[in-house]
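# Architecture and fold: a report
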Amino acid sequence: MNYSVIVDVSLRQGIADPEGATIERALPALGFYGVTDVKAGKSFRMMIDADSEAEALERATALAERLLSNPVIEDATARLSGVHAS
Amino acid sequence: MTRVGVVVFPGSNCEYDAASAMGMLGATAELVWHSTTDLTGYDAIILPGGFAHGDYLRPGALARFSPVMEAVGRFANDGGAVLGICNGFQVLTEAGLLPGALQKNRGLTFLCQPTTLIVTSQASVLTSQATLDQELVIPINHFSGAYTCDDATYDELVANDRIVLTYKDNPNGSRGDIAGIANERGNVVGLMPHPERAMSTLLGSDDGQVLLKSFLTAPVASLAL
């Protein structure tokens, strides 16, 4: 099966996020009030040919930890967004 | 004559500056393409500045998987002198040869300016001939230069004299004003400033010379490790 997987990469708790902070500071000027804790991150979408959902997520997690994220400053989580017959 | 390999990734852009600086100091520099897997015959290795693999994903994230990096790891483990300048520093942290990570600058500004550095340790191949507390004017040129690490790593760097250069006036939000660090043995050093661009007073400063001279004497010293 072809599993559609999304990997979210976000900065770890306590790591400075100048991008999120800058976006947050810009919001009031645009009329968006009451928005706090803005965090910037990355999202990757991919298709993984695997025998099961568990295998697809396991492989996505492995490649996310090896390449897509830097474990020193980032966390990565993989989630399923769809299944297609391959 | 000391033979220095300057690694060139697709997107490196300071390799000629680095090679020219080595030449000025009497060494022979050769450009080494990133697909090379054998660094035999070199006395020292430089990973120059630039945008290896376009800096896609994260600076250094893809370069770390270039074939040459396995050879750089072996060279470093054997005690060889390895210097990562700017993007080269980012590659060394991604490759795990140096701890921590380089994040986007505080203020999200690309910084291109002279900075004053303070020599905080002589226990590295880059600073062995510099004087402790010596101030050096050397330019920076980066967007992701804020050095970041966890508390345990920072304490370890401090305790073992591995922070070799700090900024006098922190420009980018680096933890502990860190501009450059060394590995435990002191033979692998990474720094964000560009000593190869501070080789002549005609171009603003020649303070990079003392650092790169140290680096060139290192191959002999590292044999004694």
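Here, every reference points to the structure presented above.
Quick caveat, the model's predicted, so the values are computed rather than measured.

So, about the overall build of chain A. A count of helices and strands for chain A gives two helices and three strands. Moving toward the C terminus, one meets the helices and strands of chain A in the order β-α-β-α-β. Computed over C-alpha atoms, the radius of gyration of chain A comes to 16 Å, more than 25% over the 12 Å expected from 2.2 N^0.38 for 86 residues, which places it beyond the range of a compact globule. In terms of principal-axis extent, the alpha carbons of chain A reach across some 50 × 30 × 15 Å. When burial is assessed residue by residue, chain A has 16% of its 86 residues classed as buried. A separation of at least 24 residues holds for 68% of the contacts in chain A among residues at least 6 apart in sequence.

The secondary structure content of chain B amounts to five helices and eleven strands. The C-alpha atoms of chain B give 15 Å as radius of gyration, which agrees with the globular expectation for 225 residues (17 Å, within 12%). Seen along its three principal axes, the alpha-carbon backbone of chain B occupies a region of about 40 × 35 × 35 Å. A buried classification covers 56% of the 225 residues belonging to chain B. Long-range pairs, those at least 24 residues apart, make up 76% of the contacts in chain B with a sequence separation of at least 6.

All names here are of chain B. With mixed pairing, the nine strands of this open sheet are ordered in space as 2-1-3-4-11-10-9-6-7. The strands lining the two open edges of the sheet, one partner per strand, are strand 2 (28-33) and strand 7 (135-142). Each strand of the sheet is rotated relative to its neighbour by a mean of 25°, with strand direction disregarded. Pairing of strand 10 (residues 178-182) with strand 11 (residues 188-191), which is carried by three bridges, proceeds in the antiparallel orientation.

This part covers the interface of chain A and chain B. How big an interface is tends to be reported as the loss of accessible area on association of its parts. Listed per partner, the contact involves ten residues of chain A and 14 residues of chain B. Elements that contribute at least two residues to the side of chain A that touches chain B include exactly helix 1 (18-26) and helix 2 (53-68) of chain A. Looking at which element gives the most residues to the side of chain A that touches chain B, the answer is helix 1 of chain A, with three residues. Residue composition of the side of chain A that touches chain B, grouped by class: seven nonpolar, two polar and one charged.

Rules behind the numbers
Residues numbered from 1 in each chain as written. Chains lettered and ligands numbered in written order. Predicted model: local features only at pLDDT ≥ 70, side-chain atom pairs only at ≥ 80, totals over all residues. Helix = DSSP H or I, 4+ residues; strand = E, 2+ residues; numbered from the N terminus. Rg over C-alpha atoms; globule rule 2.2 N^0.38 Å. Buried ≥ 20, exposed ≤ 12 C-beta atoms within 10 Å, placed from the backbone. Contact = placed C-beta atoms within 7 Å. Pairing = 2+ DSSP bridges. Axes fitted to C-alpha atoms, helices over the stretch in contact; angles between N-to-C directions. Nonpolar A, V, L, I, M, F, W, Y, C, P; charged D, E, K, R; others polar.

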